[in-house]
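# Remarks on the overall topology
Read off the chains here:
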Amino acid sequence: MPITRYGTPAKAGALPFSKAAGADGWLYVSGQVPRAADGEIVSGSMTVQARAALNNLKAALALAGYGLEDVVRVNVFIDDPRDFAQFNKVYAEFFTPEHAPARVCVQAAMMSDLRVEVDCIAYRDKA
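What counts as what
Residues numbered from 1 in each chain as written. Predicted model: local features only at pLDDT ≥ 70, side-chain atom pairs only at ≥ 80, totals over all residues. Heavy atoms only, no water. Helix = DSSP H or I, 4+ residues; strand = E, 2+ residues; numbered from the N terminus. Rg over C-alpha atoms; globule rule 2.2 N^0.38 Å. Buried < 20%, exposed > 50% of the residue type's maximum accessible area, 1.4 Å probe, protein only. Pairing = 2+ DSSP bridges. Axes fitted to C-alpha atoms, helices over the stretch in contact; angles between N-to-C directions. Left-handed = near helix turned anticlockwise from the far one by under 90°. Contact = heavy atoms within 4.5 Å.

## Observations regarding the overall build of the protein
Helices and strands together make up the secondary structure of the protein, namely two helices and six strands. Each helix and strand of the protein, ordered N terminal to C terminal, gives the series β-β-β-α-β-α-β-β. What you see for the protein is a C-alpha radius of gyration of 14 Å, in line with the 14 Å of a compact globule of 127 residues. By its C-alpha atoms, the protein is 45 × 40 × 20 Å across when sized along the principal axes. Residues classed as buried in the protein amount to 34% of the 127 residues present.

Right under this line is the structure:
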């Protein structure tokens, strides 16, 4: 079964990774951070950064024809656990109770001025 990669860097010298890679109905989305289309980090509160990171996650899923309803598991990395309530409020805008995936949330030292990073695993029956 072939592996399909989505959103590979087009820019010379960019890190070798894909925004998502999938096989046999499974899709693995790389960590998405609050980065704007121009590549700059979106500055601001956890609410602002969480919304940007989750929008990037949604866009990476869409590259492969998946949606938030296909997400099985989400991993969340936050810089400051005191920001969890703010993150969770934004998260609830993206994942409804009917399509709530399993989730892990851990504190992690973030690079630069990042407050949050989110990755996921999604599944869609390709039959």
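Resuming the write-up.
## Examining the sheet that holds strand 3 (residues 26-32)
In space, the six strands of this open sheet follow the order 1-2-3-6-4-5, with mixed pairing throughout. Either end of the sheet is taken by a strand with one partner, and the two such strands are strand 1 (4-6) and strand 5 (102-107). Neighbour-to-neighbour, the strand axes of this sheet turn through a mean angle of 10 degrees, independent of strand direction. Pairing geometry for strand 1 and strand 2 (residues 20-23), over three bridges, is antiparallel. Within the sheet, the bridge partner assigned to tyrosine 6 lies in strand 2 and is alanine 20.

## Describing the packing of helix 1 (residues 46-63) against helix 2 (residues 84-94)
Put simply, helix 1 and helix 2 touch, their axes get as near as 9 Å, and they point 35 degrees apart. Considering only the axes of helix 1 and helix 2, their crossing is right-handed. Residues Met46, Thr47, Ala50, Arg51, Leu54 and Asn55 of helix 1 form the contact with helix 2, whose own contacting residues are Gln86, Phe87, Val90, Tyr91, Glu93 and Phe94.

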